[in-house]
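As a plain string of letters, each chain reads:
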Amino acid sequence: MKNNILKIFVFYLLLSIFALNATATEPSAENVQKLNEMAKKYWNVLPSLSVSYGNQALTLAKQLKDSKQEVIALRYIGVGYMYMGNSDRALEYFFESLNIAKKIDDKEDISAALNNVAMVYDNMGMKEKSLGYYMDSLKIDRERDDQDGVAISLNNIGVVYTDLGKNAEALTHFTDALTICQKMNYKETMAMTLGNIGDVYKKMGNLDEALRYTSDGLKMSRESDNKKGIATKLKTIGEIYSKTGDYEKALPRLEESMKIAKEALLKDLIMENYKILSDIYSSMNDTGKALESFRQYSVLKDELLNKEVASKIEKSQTKYEIERREKEKELLNMELERLKMLKDSLLAGFVFILMIVYVMYRLYRIKKEAHKNIIILSKIGQEITSNLNLEMIFKTFYENISSLMVADGFGIGICNESDDCIEYKFFIEKTTRLPVFYNKIRDSGCFAGWCVKNKKEVFVKDVEKEFPKYFNIPWTRRKNEYPQSFLYLPLMAKNVVLGVLNVQSYHKNAYTSYHFNILKTLGSYLAIALDNSNAYVQIESQKGEIEKNLKIINIEKEISERLLLNILPVKVANDLKTKQKTEPEMFNDVSVFFSDIVGFTQISSMLDPKALIDELNDIYTEFDNIMERNSCERIKTIGDAYLAVCGLPVPNKNHAENIINSSVEILRYMTQRNEISDIIWEIRIGVHTGKVIAGVVGVKKYIYDVFGDTINTASRMQTNGKPMKINVSESTYNILKDRFRFIARETLSVKGKGNMNMYFLDQ
């Protein structure tokens with residue numbers, strides 16, 4: 001059955017390539033479109049093939065002077081390079097596509113090119129740059145009234161804003177996207193958008209709204225049966241309940257999320273679930289489950305970090321297979337040269353097609369074999385690193401290794417250097433397990449001992465020829481049938497040899513560099529497993545005392561660190577911890593933010609004390625978050641007044657700009673909060689720039705405070721301001737007048753200062 005399917009596949013592939021060969025020699029609009037369709041078909045399956053088809057289409061499009069198809073070909077080539085991980089080449093083709101689209105004024109292609117460029121920059125971690133291109137793409141989609149494109153662009157922009165910590169901007173874009181999705185009934189996009197909104201509210205600490213939106217998103221994901229969406233939102237809901245301490249509701253959500261994630265092989269999500277479960281069980285004082293969940297989290301984290309290693313194995317497999325067929329390829333190249341001279345001949349074209357099919361089929365087999373091996377390696381690695389029982393680790397290793405290479409002999413020895421020996425508790429020879437035996441590390445002629453002493457691998461293809469490379473004694477045959485090629489690997493952790501892994505064959509040249517690389521990868525997993533097992537045994541023997549001491553130490557450390565950082569800036573707190581003192585300093589370039597709440601006395605008189613404190617805590621917590629994002633430092637609150645600075649204790653050349661950006665974000669936050677809150681609060685903001693003295697005041701109760709005329713002047717700016725306005729002094733205005741728009745005010749008489757020029761920030 002499989003052979004019949006393969007024959008059919010090859011037959012249709014022959015026809016397809018023959019048609020494309022004809023296309024490549026006959027420029028026409030239809031043929032360009034066919035090549036572009038093939039490029040699109042393979043971009044996420046065989047991106048290198050997509051690039052090849054795209055280049056053919058590009059050549060024909062240029063010959064035909066068909067700019068539209070040229071733009072499309074450039075786009076597909078760029079996407080192919082993006083899937084191949086070559087960001088530089090992808091950007092090169094996307095920008096060329098963008099330039100041509102602009103020349104022919106094709107709005108649809110301009111928007112697509114801008115979106116492609118944004119995706120590459122986003123993948124590269126260049127969020128600000130990505131945001132600009134997403135914005136440009138959104139603008140064009142709106143001009144074209146492309147509602148689907150607008151909704152997707154709004155979500156892309158919202159995600160970038162979320163990554164940048166700009167929650168208010170993220171919410172605005174997600175909300176706009178949600179409105180479009182509801183109007184156009186885009187269910188899957190709507191579910192994604194609701195989840196995104198829930199994530200933002202979770203980051204803002206508004207857990208009620210986070211739960212509401214995420215639950216709505218979960219309902220939509222269930223309707224569309226989106227497994228990843230369901231599992232992700234269940235995880236988020238479980239995390240929200242855990243933050244509120246409602247573990248009875250958190251645990252079933254996380255367990256359902258875990259079940260779906262495991263079925264769908266969503267390893268990142270499985271890892272996140274284990275981390276949350278570990279925190280919950282720790283809070284519930286269930287140490288056993290907490291440790292087990294954290295161990296599973298650590299194992300998955302290690303596995304995901306080792307994906308790069310698996311990729312290298314795939315490359316090694318491909319290289320090995322290609323080298324074995326080097327002569328075939330050389331013959332193919334000679335044949336291709338001959339066929340160039342006969343390209344007008346139908347017979348030559350047919351032979352050429354057969355050659356291409358042969359190469360593609362060989363590459364397909366190489367890729368398939370490499371993928372199979374990666375799956376096997378991942379399985380072995382996951383199984384052994386998730387197990388702490390040495391016997392089970394050894395058995396798992398052996399059961400799988402024979403599918404990857406010849407293993408007439410296979411053993412794992414544990415080192416005991418104090419006794420100068422290697423203990424082989426697990427050794428199999430011709431499928432028979434041998435009794436426990438020992439090798440002396442310093443025995444001459446012992447490869448396992450040489451491996452341990454030198455902390456190096458042993459790779460022998462012919463023992464009789466290669467024995468002198470390792471030992472200064474002659475090779476002696478010890479029995480009639482003996483291993484002739486073998487691999488030995490030291491199993492190391494923290495530069496200490498824990499054991500030896502070896503594989504043997506009774507035939508010469510049984511192993512290649514490909515097998516050696518596989519064994520090295522598996523050896524790294526095995527070393528981790530041995531180290532984990534040793535650590536687990538030690539921890540279990542002292543578990544009670546260690547857990548008790550660690551808990552006390554961590555609690556006390558967290559309390560002291562939290563208290564210190566709550567009253568002092570990080571730099572000052574670190575100075576006190578390392579030097580036991582900190583000196584007052586003069587800072588010449590500091591911008592000061594001062595605000596108070598309008599009508600605070602009247603409003604507070606109508607609230608009970610707890611409600612008042614809750615309101616102020618909610619407001620000032622967000623103020624603190626905004627200041628921190630903009631590299632500013634909150635100094636203190638005095639009743640309803642809030643004082644912050646930028647430029648100390650760490651100098652900052654952008655101090656004035658950072659304070660103004662913080663002020664703008666704070667007013668935006670207050671405006672949005674007032675729209676959904678029962679209590680309306682308005683604030684006045686004053687900003688001034690100048691010299692400030694800062695230092696720690698007191699000995700028993702540390703207070704980090706600021707002094708000087710600059711502080712008083714900032715207070716006067718606030719006093720002479722207006723509700724929901726940012727009033728700045730002339731010194732701040734002179735620094736920022738070229739970067740922000742201001743509205744000049746009439747000169748005002750200020751108590752203790754005389755007449756002063758002031759400016760409102762034009763918002």
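Let me begin by describing the structure that accompanies this report. (Residues numbered from 1 in each chain as written. Predicted model: local features only at pLDDT ≥ 70, side-chain atom pairs only at ≥ 80, totals over all residues. Heavy atoms only, no water.)

1. Re helix α7 (residues 127-143)
The condition that has to hold: Comment: elements are numbered from the N terminus, with helices defined as DSSP H or I runs of at least four residues and strands as E runs of at least two. Each helix should span, by expectation, one fewer than its residue count multiplied by 1.5 Å. Using a 1.4 Å probe on the protein chains alone, a residue whose accessible area is under 20% of its type maximum counts as buried, one over 50% counts as exposed, and one in between counts as partly exposed. In this description, contact between two residues means that some pair of their heavy atoms is separated by no more than 4.5 Å.
Across its 17 residues, α7 extends 25 Å between first and last C-alpha, which sits within 8% of the 24 Å expected from 1.5 Å per residue. Taken as a whole, α7 has its buried residues at S130, L131, Y133, Y134, S137, L138, I140 and D141. Check the buried side of α7 and you find it contacts α5 (87-103), α6 (107-123) and α8 (147-163). Directly after α7, the chain includes D145, whose backbone phi takes a positive value near 55°.

2. Some remarks on the packing of aromatic side chains
Heads up, the rule is: Each pair of aromatic rings taken from Phe, Tyr and Trp, with Trp reduced to its six-membered ring, is defined by centres within 6.5 Å and is described as stacked if the planes are under 30 degrees apart, edge-to-face if over 60, and tilted in the remaining cases. The rule is short: NZ of Lys or CZ of Arg within 6 Å of the ring centre and within 35 degrees of the ring normal puts a charge over the ring.
Summed over all chains, the structure comprises 28 aromatic pairs. With 5.5 Å between their ring centres and 45° between their planes, F394 and F426 make a pair best called tilted. Separated by 32 residues along the polypeptide, F394 in helix α19 (residues 390-401) and F426 in strand β2 (residues 421-429) bring together distant segments of the chain. Relative accessible area serves as the criterion here: at 3%, F394 is assigned to the buried category. What links up through ring pairs into an aromatic cluster is the set F447, W450, F467, Y470, F471, F486 and Y488. Taking the ring centre of Y213 as reference, the NZ or CZ of R212 above it sits at 4.5 Å. Cation over ring: K430 sits above Y506, and NZ or CZ is 5.0 Å from the ring centre.

3. Quick notes on the side chain of S111
Under the convention used in this document: What qualifies as a polar contact is a pair of N or O atoms within 3.5 Å, subject to a donor-acceptor requirement within protein and to the restriction that residues adjacent in sequence count only when both atoms come from side chains.
Looking at the element boundaries, S111 is found in helix α6. Taking relative accessible area as the criterion, S111 reaches 5% and is therefore assigned buried. Here the side chain of S111 touches D141 through a polar contact of 2.7 Å, side chain to side chain. Among all residues touching S111, those that are not within four sequence positions of it are S137, I140 and D141.

4. What about the pattern of salt bridges?
For side chains bearing opposite charge, pairing can occur when the charged atoms are close. For the record, the criterion: For this analysis, a salt bridge means a side-chain nitrogen from Lys or Arg found within 4 Å of a carboxyl oxygen belonging to Asp or Glu.
In the structure shown here, the tally under the stated rule is 32 salt bridges. Residues K249 and D246 are paired through a salt bridge, measuring 3.9 Å at the closest nitrogen-oxygen approach. The partly exposed category is assigned to K249, whose relative accessible area is 38%. Judged by its relative accessible area of 25%, D246 is partly exposed.

5. Here we look at the environment of K520
Position of K520 relative to the elements: it lies in helix α22 (residues 513-541). When its relative accessible area of 39% is taken as the criterion, K520 is described as partly exposed. For the pair K520 and E457, spaced 63 residues apart in sequence, the C-alpha to C-alpha distance is 9.0 Å. When residues no more than four places from it in sequence are discounted, the contact partners of K520 are E457 and L489.

6. Regarding helix α4 (residues 67-83)
Since the α-helix packs 3.6 residues into each turn, any two residues three or four apart lie on the same face. With 17 residues, α4 should cover 24 Å at 1.5 Å per step; its first-to-last C-alpha distance of 25 Å lies within 8% of that length. Of all 17 residues in α4, 14 are buried, a share of seventy percent or more. The first or second residue beyond α4 is G85, which carries a positive phi of 85°.

7. Things to note about unusual backbone geometry
Most of the time, phi is negative for any residue but glycine, and the peptide bond is trans. The peptide bond linking L648 to P649 adopts the cis configuration, its omega dihedral lying at 0°. Here P649 shows up in the loop between β10 (641-646) and α27 (655-676). In this structure, D105 takes a positive phi of about 55° despite not being glycine. When you line up the elements, D105 lands in the loop between α5 and α6. Overall, D105 belongs to the partly exposed group, its relative accessible area being 49%. At M724, a position not held by glycine, the phi torsion is positive, near 60°. Structurally, M724 is set in the loop between α28 (709-719) and β13 (726-729). By relative accessible area, which is 18% here, M724 ends up buried.

8. Quick look at the nonpolar core
Soluble globular proteins tend to bury their nonpolar side chains together. Heads up, the rule is: The definition of a nonpolar core used throughout is a set of buried Ala, Val, Leu, Ile, Met, Phe, Trp, Tyr and Cys residues joined through side-chain atoms within 4.5 Å.
With 89 residues, the main nonpolar core has Y53, F94 and I197 as its most contacted residues. Sort the elements by how many residues they give to this core and α4 lands first, with nine residues. By size, the runner-up hydrophobic cluster in this structure holds 34 residues, among which are F623, I626, I685 and F742.

9. Notes on the environment of L519
Within the element layout of this structure, L519 appears in helix α22. Assessed through its relative accessible area of 0%, L519 is described here as buried. Between the C-alpha atom of L519 and that of N502, which follows or precedes it by 17 residues, the distance is 8.9 Å. If near-sequence neighbours (up to four positions away) are discounted, L519 is found in contact with I401, M405, L487, L489, L501 and V503.

10. Quick notes on the state of the cysteines
Condition: In this description, a disulfide is simply a cysteine sulfur pair whose atoms lie within 2.5 Å.
Tallied over the full model, the rule gives zero disulfides. The cysteine C451 is free of any disulfide, with C415 supplying the nearest cysteine sulfur at 8.2 Å. Note on C451: relative accessible area 0%, which makes it buried. With no disulfide of its own, C646 lies 4.0 Å from the sulfur of C632, the closest cysteine sulfur.

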